[in-house]
Amino acid sequence: MGLVMAALALFFVLPVIWLLLAPSKTADQVVHNWPLSFGSFSQIGHAWSHLMSFQNHAMLKWLRNSAIYSGGSLILTLITSVPAGYALALTRFRGRTTLLVVTLITMIMPSATLVLPIFLEINQFHLIGTIWSVILPFSFYPFGVYLVYIYFATSLPRDIIAAARVDGCSEWQVFAHIALPLARPVIALVAFFSFVGNWNNFFLPYLVLPNSDQFPVQVGLNQLLSSTPSFNPVAGAGLNITIPELALAIIVAILPVLVLFLFSQRALVSGMLAGSTKG
Amino acid sequence: MTLVAFQPTSKGAPSRRGVKPRREGGIASYFFVAGYTVLLVAFGIFPTCYAIYLAFTNDRGQFAGVNQFSKVARDYRFLPAFENIAVYLVMWLVLLVVMTVLAAVALRSWVRPGMSSLLRFLFYLPGALAGVASVLVWLFMLDPDVSPAGKLLRALGDNSFAATLNPSHLPVIFVLIAFWTGAGGWIVVMYGALNNIPDEVLEAARMDGAGRWQTARQIQIPMIRKWITYMSILAFAAGTQLFIEPQLLQTASLGRVSSTWSPNQLAYVYAFQQGDFNGAAAISIFLLVLGLACAGVLVTRSALFKLEDQ
Amino acid sequence: MKAFRSPNRNAGARPARAIAVLVVVALALAGCASAKQSTSSAGAGAFKPVTQDASAKITVWTDSTRLPEVQQYQKLHPSAKLNIVTYDGGADGSTYLQSKIQLFDRAGKGWPDVVFGSPTDVTWASQPTNPSAVPFAAPLDESLVPKATLDNFAKGSLSPCQYNGHTYCMRNDIAQVVLWYNKTLLDGWGYQVPTTWPEYQALGLKIAKEHPGYLVGAVGDTNSQESYFWSSQCPAFQLTDPTTLRVNLQDPRCTRTASLLDSLISAKAVSTQGFFSQGFAKDSASKVAMAYGPSWYGQYLFNAAFKTPAGQIAAAAPLTWPGDSSPATGNVGGGLWMISSHSANLKAATDVVTWLTTSDANQGSAPTYPAYGPAAKTWLANPVNKKYFATDISSVFQQAANEVWTGWSNTKFSDATAWSSIVLPGLTSGKSLTSLLPSWQKAISNEAKVNGYKVTNQ
């Protein structure tokens with residue numbers, strides 16, 4: 001059993017270590033030296049400047065785009081999903097169960113399922129190439145609604161709400177003054193899942209954004225791969241984007257998510273189990 | 001996190017429906033759900049309907065019956081794409097279920113707590129590289145010239161990147177990539193689920209003389225069976241939608257990997273190279289039905305989701 | 001759960017049944033229309049430029065190889081406003097450009113003004129991507145580029161650019177296939193340079209025996225089929241009329257090449273890895289005694305990638321088959337430049353393309369052999385282009401440029417796709433080329449049918 005665990009650990013960790021070490025070497029060293037050796041810090045600087053000079057700081061542009069898309073849709077997701085989850089959990093209205101069932105079904109369907117239909121729709125409405133073609137579909141986040149719903153349904157005593165109504169609070173006041181302040185943990189949870197999912201999303205922006213200035217960083221990585229000599233040694237002979245630069249680009253591209261991941265293991269568990277973890 | 005769990009094992013609470021129709025929230029409820037409902041209609045329901053509409057018509061807007069479906073199904077790339085996905089899914093599900101359950105049980109009962117939390121963290125970390133990043137990393141892992149496992153690859157007879165990308169290896173490669181990014185998260189979740197089993201239950205088993213294997217087989221695994229099903233169905237549904245992995249390998253291998261390896265890629269080719277949106281929609285419908293079926297089964301047949309409050 | 005489901009069961013079932021009934025009725029009633037795509041009416045009227053703005057910034061999409069040339073243009077023309085973007089250049093059967101133009105057409109904006117592409121790209125760029133779109137490539141012969149300039153291009157080099165009587169691109173370079181060899185090695189071993197394929201085969205087998213490890217060729221690249229099968233006049237991509245493609249790989253002119261290569265592959269004189277595959281330069285660069293390939297192998301492959309010292313590499317005329325009436329050779333790539341019909345600054349765009357393809361300043365020292373006649377003369381006269389080689393390559397290049405076989409057609413799909421995805425993996429796993437010909441033929445035929453061609457295998 002110990003052996004299996006060690007093998008698993010090696011399988012999961014080795015590529016990460018390789019990735020972190022690669023930018024410190026020259027392209028030549030990556031091929032010829034021991035794969036897990038460390039080159040030098042100054043080489044990381046070289047790799048960085050090569051990467052930055054690709055298409056005039058395209059990498060920074062892509063990172064900024066990713067931040068706009070993920071950030072913008074995060075805000076919209078929170079604005080729409082928190083009240084919706086609250087209403088589903090603590091109010092009664094016609095169509096509530098239908099809405100809940102449809103939410104569950106779309107939540108379980110893999111996000112890639114609807115990408116092509118969404119593309120066709122966006123095309124129909126002439127939104128191709130606008131930032132809304134990414135932000136709006138990203139903002140639709142049924143899983144977030146479900147998390148909020150579960151949270152309110154299980155942890156906010158209905159009596160408090162009833163009491164507040166008796167006291168003459170309007171529905172909006174109940175939501176804003178009682179429910180919302182209690183929802184902080186679940187908001188963090190939704191934010192984590194939404195941000196990570198959108199930051200790493202590739203398929204939708206790949207389809208709806210034609211212009212490389214608009215790419216988020218994930219699609220940019222693909223561009224970097226296809227227009228550089230890292231996998232086509234001769235075609236891109238004029239460019240300095242080789243394996244170390246590509247490795248550095250990967251690290252930079254996932255850095256925000258990586259940072260979140262460092263602190264979010266428990267969030268993942270509670271989100272997926274939508275519930276209690278002891279200790 | 002103070003979410004009070006609904007236990008996977010709990011039976012649906014007695015419904016309030018029928019006791020007394022209550023109107024809490026009234027009109028304001030519609031206001032609360034309005035924004036989300038608009039998004040749901042715009043990016044859930046409408047695209048589905050629009051795809052169905054496109055799949056049943058041709059590019060002149062005429063009703064085409066099932067002709068689009070039979071057209072794409074007769075395409076010489078259609079069956080191979082679905083075959084590829086099928087092979088991949090079988091391997092992926094078996095590996096995922098066996099390894100995550102095994103690892104979770106081991107981490108819960110065999111490994112010291114400190115070690116266990118370190119290992120969980122290490123397993124879980126590659127999840128941050130989901131998507132393009134993971135494929136790029138694995139492109140390097142699969143190239144015997146730069147891979148830290150280069151010796152292993154050569155020992156398996158893969159002396160060059162091109163040899164590693166032999167078509168028959170592709171499902172294994174995609175399974176490895178998916179496992180690397182996805183399994184850690186599931187191991188952590190399974191571990192969490194195992195943690196929900198009260199210590200007294202395990203203690204009682206031990207008193208009865210059950211060994212670790214027996215405890216695992218007879219108590220722990222049955223008690224997280226629902227989560228295993230949940231994971232399998234989600235993994236299955238996601239697996240049918242494979243796109244980035246073969247697409248990037250196609251680019252990196254300079255075309256050795258077919259550009260229509262997976263059904264989603266085929267739909268992409270239909271839309272963007274052949275300009276045939278109706279055919280693309282028909283393929284999407286095939287995939288949509290798969291996704292919907294999985295979701296439907298999970299939502300209605302398992303007690304995992306809470307549709308009524310306690 | 002049960003409590004939740006039961007009240008809804010009837011409600012849920014009713015619409016479902018209604019829909020089912022509707023579908024059945026609809027199917028029964030409607031004479032179902034065909035699922036075939038409408039064919040866009042070709043040559044949709046005269047070219048109408050958009051409103052022009054002489055100060056508009058133009059976007060240039062180039063492959064990374066041509067990037068320095070575009071940057072050079074910018075340097076020499078500081079007032080030109082360029083936005084330079086690198087992409088894969090349509091190499092290796094990539095469909096990146098096509099997908100993106102589809103999207104721009106749908107978006108109605110965003111098109112690059114100038115793009116570098118492959119001959120395959122012109123086949124779709126000269127036609128609308130959907131019935132309401134305008135073909136992406138602007139017809140250059142209509143008022144943009146003087147006829148005299150177009151007439152100066154090497155004979156036949158603009159044929160991939162032509163469609164329906166108009167010229168949609170300017171060819172950057174010709175990539176005529178010649179026999180490259182390492183003169184130092186062959187002289188040292190005392191071997192004659194072959195002039196026919198049987199001689200090439202015999203020499204290859206001899207080298208394999210006497211100097212194991214040395215190579216006389218490689219077939220593992222995405223374009224190796226153009227070096228070998230095109231040169232052999234194999235009817236793999238032969239348009240007998242604009243809509244009928246002849247794919248007959250059992251033709252003796254295909255099988256002779258396949259079996260010749262098979263013998264050399266099994267003797268390990270020809271590598272199944274590509275010259276351009278990763279690791280090749282590292283492992284075998286110094287072991288290449290001969291290479292059958294395009295004119296740009298000299299600078300790109302031997303000089304840049306293999307770093308073979310100057311004065312060793314030489315070129316010889318294309319090999320011939322005994323019995324063939326006329327000499328023939330292949331063509332590998334030969335990029336081209338297109339101008340967008342949507343460009344708001346056609347003048348600036350035309351100026352860039354004209355400079356890139358015809359000016360002595362650029363083409364005279366280009367790494368590839370210019371398609372533009374006068375520039376080719378300058379190129380051949382420029383000592384810089386020749387000093388790397390052991391012999392004067394001028395006459396070889398000129399001869400080969402005139403011998404490119406015209407029976408390998410420019411189709412709507414790349415000839416690299418089937419080769420890369422079917423033949424190359426087969427070769428890598430140890431199958432023989434001869435045994436792979438049927439599946440290669442099938443793959444090409446399938447692809448042709450999907451792209452709307454009638455296929456004949458005779």
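Q: Residues and numbers for the overall build of chain A, please.
A: Within chain A, the regular secondary structure consists of 15 helices and 0 strands. Here the C-alpha coordinates of chain A stretch approximately 75 × 55 × 30 Å along the principal axes. The proportion of buried residues among the 279 residues of chain A is 57%. Considering only contacts within chain A whose residues lie at least 6 apart along the sequence, 71% involve residues at least 24 apart.

Q: An account of unusual backbone geometry is needed here, citing residue identities and associated values.
A: Although it is not a glycine, histidine 126 of chain A sits at a positive phi angle of roughly 55°. Classification of histidine 126 of chain A by C-beta neighbours within 10 Å gives exposed; the count is 12. Backbone geometry at asparagine 164 of chain C places phi at a positive 55°, although glycine is not the residue there. In this structure, asparagine 164 of chain C sits in the loop between strand 4 (162-163) and strand 5 (166-167). The exposure class assigned to asparagine 164 of chain C is exposed, which follows from the 12 C-beta atoms found within 10 Å.

Q: Lay out the environment of tyrosine 88 of chain B with the relevant residues and their values.
A: All names here are of chain B. Structurally, tyrosine 88 can be placed in helix 3 (residues 78-109). Considering only alpha carbons, one finds tyrosine 88 and valine 188, 100 residues apart in sequence, at a separation of 24 Å. Sequence-distant contacts of tyrosine 88, defined by excluding residues within four places in its chain, comprise Pro171, Phe174, Val175, Gly239 and Leu242.

Q: Could you give me a rundown of the interface of chain A and chain B, with the residues and numbers involved?
A: Every contact between the two is made by 92 residues of chain A and, on the other side, 96 residues of chain B. The residue makeup of the side of chain A that touches chain B, split by class, is 67 nonpolar, 20 polar and 5 charged.

Q: I'd like a rundown of the domain arrangement of chain A, residues and numbers included.
A: Reports of interface size often rely on the accessible area that becomes lost once the parts have come together. All names here are of chain A. Here the domain parsing of chain A yields domain 1 (2-58 + 213-245) and domain 2 (67-207 + 266-272). Each of domain 1 and domain 2 has a C-alpha centre, and the two are 36 Å apart. In this complex, domain 1 contributes 4 residues to the contact, which on the side of domain 2 involves 6 residues. Per-class residue counts for the side of domain 1 that touches domain 2 are 3 nonpolar, 1 polar and no charged.

Q: Account for helix 10 (residues 171-182) of chain A, naming residues and giving values.
A: Along its 12 residues, helix 10 of chain A runs 16 Å from first to last C-alpha, staying within 8% of the 16 Å computed at 1.5 Å per residue. On its buried side, helix 10 of chain A packs onto helix 4 (58-90), helix 8 (142-155) and helix 9 (158-166) of chain A together with helix 1 (27-55) of chain B.

Q: So what's going on with the sheet that holds strand 8 (residues 177-182) of chain C? Which residues, and what values?
A: Residue and element names in this part refer to chain C. Across the sheet, which stays open at both edges, the 3 strands sit in the order 13-8-14 with antiparallel pairing between neighbours. Two strands lie at the open edges of the sheet, namely strand 13 (290-294) and strand 14 (313-316), each paired on one side alone. Looking at each pair of strands side by side, their axes are set apart by 35° on average, direction ignored. Two elements, strand 8 and strand 13, share 5 bridges in a ladder whose sense is antiparallel. Counted as the bridge partner of valine 178 is glycine 293 from strand 13.

Q: Residue-level account of the sheet that holds strand 10 (residues 238-241) of chain C, with values.
A: Residues and elements named next belong to chain C. Strand order in the open sheet formed by 3 strands is 10-11-17, with mixed pairing between adjacent strands. Across the chains shown, the open sheet's two edge strands, defined by having one partner strand only, are strand 10 and strand 17 (454-456). On average, each strand axis in the sheet is inclined to that of its neighbour by 35°, with strand direction left out of account. With 3 bridges connecting them, strand 11 (residues 244-246) and strand 17 associate as parallel partners. By the bridge assignment, leucine 245 is partnered in strand 17 with valine 455.

Q: Report on the environment of serine 271 of chain C, specifying residues and quantitative values.
A: Residue and element names in this part refer to chain C. Tracing the chain through its elements places serine 271 in strand 12 (residues 270-271). Residue classification places serine 271 among the buried residues on the basis of 22 C-beta atoms within 10 Å. With residues near it in sequence (within four places) discarded, serine 271 still touches Leu215, Ala218, Gly220 and Ser284.

Q: How would you sum up the nonpolar core? Please name residues and give values.
A: Core analysis: the largest hydrophobic core is formed by 322 residues, its most contacted members being Val148 and Ile250 of chain A together with Met190 of chain B. Top contributing element to this core by residue count: helix 8 (residues 170-195) of chain B, with 18 residues. Other than its neighbours up to four places away in sequence, methionine 190 of chain B contacts Thr100, Val101, Ala104, Ile224 and Trp227 of chain B.

What counts and what doesn't
Residues numbered from 1 in each chain as written. Chains lettered and ligands numbered in written order. Predicted model: local features only at pLDDT ≥ 70, side-chain atom pairs only at ≥ 80, totals over all residues. Helix = DSSP H or I, 4+ residues; strand = E, 2+ residues; numbered from the N terminus. Buried ≥ 20, exposed ≤ 12 C-beta atoms within 10 Å, placed from the backbone. Contact = placed C-beta atoms within 7 Å. Nonpolar A, V, L, I, M, F, W, Y, C, P; charged D, E, K, R; others polar. Domains from an automatic or database assignment. Expected span 1.5 Å × (residues − 1). Pairing = 2+ DSSP bridges. Axes fitted to C-alpha atoms, helices over the stretch in contact; angles between N-to-C directions. Core = buried A, V, L, I, M, F, W, Y, C linked by C-beta atoms within 7 Å.

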